[in-house]
Amino acid sequence: MSARASRQAFWFGAGLAGGLLAGMMWWSREQHAHKQALYHRRPMRRLAALGWIGREARPTVESVLMLRDYLNWERNPVLLRRARRLLARFENAIV
């Protein structure tokens, strides 16, 4: 491999790693900022709220009831799947 190709590969890898790191930091900030946006009109904010709930919330009877209520309200199939997984995990943790 030539020196030029080696430099290009290095910068490509550094750019890729930097982009992934920036994306992870952005998503973490989105989850924290929108942790109470479970019923927001924008699906990405609801996804961020579900992510925060899955990472930070404790499995309690209240959180199970809230997720059941959310499942009755939500229409987005991706968000429904995520909420069902969270609900199952929380129910198993309570029992």
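Anything mentioned here points back to the structure above.
A brief look at the structure comes next. Just so we're clear, the structure is a prediction, and the values are computed from it rather than from any experiment.

Considering the pattern of salt bridges
Right, so step 1: Per the stated rule, a full pass over the model turns up 3 salt bridges.
Right, so step 2: Across the pair Glu91 and Arg68 runs a salt bridge, and its minimum N-O distance is 2.7 Å. With Glu91 in helix 4 (residues 77–94) and Arg68 in helix 3 (residues 61–73), this pair connects stretches of sequence that are 23 residues apart.
Right, so step 3: Overall, Glu91 belongs to the partly exposed group, its relative accessible area being 28%.

Things to note about the packing of aromatic side chains
Right, so step 1: Counted by the stated rule, this structure contains 4 aromatic pairs.
Right, so step 2: The interplanar angle of 75° and the centroid separation of 5.0 Å between the aromatic rings of Phe10 and Trp11 together place this pair among those described as edge-to-face.
Right, so step 3: Residue classification places Phe10 among the exposed residues on the basis of a relative accessible area of 52%.
Right, so step 4: An aromatic cluster of at least three residues, connected via ring pairs, comprises Tyr39, Tyr70 and Trp73.

Quick look at a nonpolar patch on the surface
Right, so step 1: A grouping of Phe12, Leu16 and Leu20 is seen on the molecular surface, where their side chains present a nonpolar patch of about 350 Å² in accessible area.
Right, so step 2: Along the polypeptide, Leu16 turns up in helix 1 (residues 3–33).
Right, so step 3: Among the residues examined, Leu16 registers a relative accessible area of 48% and is labelled partly exposed.

Digging into the nonpolar core
Nonpolar side chains tend toward joint burial in soluble globular proteins.
Right, so step 1: By size, the foremost hydrophobic cluster in this structure holds 14 residues, and its most contacted members are Leu38, Leu50, Leu67, Tyr70, Leu86 and Phe90.
Right, so step 2: For this core, the secondary structure elements donating two or more residues are helix 2 (43–56), helix 3 and helix 4.
Right, so step 3: Of all the elements, helix 4 adds the most residues to this core, at 6 residues.
Right, so step 4: Residues within four places of Leu50 in sequence aside, it is in contact with Leu38, Leu67, Tyr70, Leu79, Arg82, Ala83 and Leu86.

Rules used in this analysis
Residues numbered from 1 in each chain as written. Predicted model: local features only at pLDDT ≥ 70, side-chain atom pairs only at ≥ 80, totals over all residues. Heavy atoms only, no water. Salt bridge = Lys/Arg side-chain N within 4 Å of Asp/Glu carboxyl O. Helix = DSSP H or I, 4+ residues; strand = E, 2+ residues; numbered from the N terminus. Buried < 20%, exposed > 50% of the residue type's maximum accessible area, 1.4 Å probe, protein only. Phe/Tyr/Trp six-rings, centres within 6.5 Å; stacked < 30°, edge-to-face > 60°. Patch = residues over 30% accessible without salt bridge, like charges linked within 9 Å, V, L, I, M, F, W, Y side chains within 5 Å. Areas by Shrake-Rupley, 256 points an atom, 1.4 Å probe, with all protein chains shown as cover. Core = buried A, V, L, I, M, F, W, Y, C linked by side-chain atoms within 4.5 Å. Contact = heavy atoms within 4.5 Å.

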